[in-house]
Amino acid sequence: MGHHTRIRNAFRIIFLLAVASLPSLASIAPNVAEQYLLAAANQDRAARNLPLLHFDPILAQAAFYHAHQMAAHANISHQFPGEPELSARGASVGAHFSLITENVGEAPDSTMIHGLWMQSKGHRENLLDPNVDAVGISVVVRNHQLYAVEDFASTVKPLDLNEQESTVANILAQSGLQIANNTSVSVEDARRTCTMSTGYAGNRQPWYIIRYNADKLSELPSQLQSHLNSGTYHQAAVGACISTDSGSFTAYGVAVLLYP
């Protein structure tokens, strides 16, 4: 009656899926079955003091396309021939995530679907995963049978390069470092350094360089934190760049250059 799948990656991005035959979800309100599945999921999470899921219309669009695929095949699967896999489907509609999981199932009504999911170890783990914060749900009816898809995700907030740099720079400044952006060290140099696999851009040589990808910028890598704790450095430059190795997942690319 149901399948589940889980895809994790620390670093992630986007690809486009065209489904011209289906209407845009922007004009479709959640139906009664979808409303029930969301309420039931959050009721079970609340009973266990887990954070509630917010309904994500972008994830719902990915679920909507896949639910129609299942109804068309009169079968349940996470991927049909010619269809992208889960993370690509999510990214194709514009979702930004560091973790994506999925439950699919079929039954005569939505209460049965949720009940069977909660009785299945894998589906239950997806529904009660404390690491996800959003869900998109779609239920399609064919011949009195419901085909349901729940796409769960740990969402990543889209930030432009300036916002990424400011977030990291503020953390570094709280550690007592001066954030450099002058004639000897510029943000442009730091951004160029971010795109380089080795070396640095600009005239002033950093004493330490770290390049990293992350789906959250609120915490610094442990290697960087260790260098900050040494007390050797007093100035830093931060440059952001587009992550090129994150596949369908969203990741921030950052370079931090440290100076005495």
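Our structure's up above, just so we're on the same page.
Let us look at the structure shown here. For every chain, the first residue of the written sequence is number 1, and numbering continues from 1 onward in sequence order. Confidence filtering applies because this is a predicted model: local features only for residues at pLDDT of at least 70, side-chain atom pairs given and counted only at 80 or more, and all residues used for totals across whole chains, interfaces and linings. Side-chain metrics in this entry use all non-hydrogen atoms of the structure; hydrogen atoms and water are not considered.

**A short note on the pairing of strand β7 (residues 208-214)**
Burial classes: relative accessible area under 20% of the type maximum marks a residue as buried, over 50% as exposed, and values in between as partly exposed (1.4 Å probe, protein chains only). By definition, any uninterrupted DSSP run of H or I lasting at least four residues is a helix, any uninterrupted run of E lasting at least two residues is a strand, and each is numbered from the N terminus. Going residue by residue along β7, you find Tyr 208, Ile 210, Tyr 212 and Ala 214 tucked away on one face and Ile 209, Arg 211 and Asn 213 left uncovered on the opposite face. Between any two strands, at least two bridges found by DSSP are needed for them to pair. The pairing of β7 with strand β9 (residues 252-259) spans 7 bridges and is classified as antiparallel. Note on β9: the bridge partner recorded for Tyr 212 is Val 254.

**Examining the state of the cysteines**
Two cysteine sulfurs form a disulfide in these notes if their separation is within 2.5 Å. Inspection of the entire model under this criterion finds 1 disulfide. Residue Cys 194 pairs covalently with Cys 241 via a disulfide, S to S 2.1 Å. In this structure, the disulfide formed by Cys 194 and Cys 241 twists by about -60° around the S-S bond and is classed as left-handed. Separated by 47 residues along the polypeptide, Cys 194 in helix α7 (residues 187-195) and Cys 241 in strand β8 (residues 235-242) bring together distant segments of the chain. Both residues of the pair, Cys 194 and Cys 241, belong to the buried class.

**Remarks on the nonpolar core**
We define the nonpolar core as a collection of buried residues of types Ala, Val, Leu, Ile, Met, Phe, Trp, Tyr and Cys that are connected through side-chain atoms lying within 4.5 Å of one another. Core analysis: the biggest nonpolar cluster contains 21 residues, and Val 168, Leu 172, Leu 224, Val 256 and Leu 258 have the highest contact counts within it. When residues of this core are traced back to their parent elements, those giving at least two are α6 (161-174), β7, α8 (222-229), β8 and β9. Any two residues whose heavy atoms approach within 4.5 Å at even a single point are treated as in contact. Other than its neighbours up to four places away in sequence, Leu 172 contacts Leu 177, Ile 179, Leu 220, Leu 224, Leu 228, Ala 236, Val 238 and Val 256. Core analysis: the next-biggest nonpolar cluster, separate from the first, contains 20 residues, Leu 50, Leu 53, Met 118 and Val 135 among them.

**Quick look at the environment of Ala 33**
Relative to the helices and strands, Ala 33 resides in helix α1 (residues 32-46). Classification of Ala 33 by relative accessible area gives buried; the value is 14%. Note: C-alpha distance between Ala 33 and Leu 146 (113 residues apart in sequence) is 8.9 Å. When near neighbours in sequence (up to four residues on either side) are disregarded, Ala 33 contacts Ser 110, Val 139 and Leu 146.

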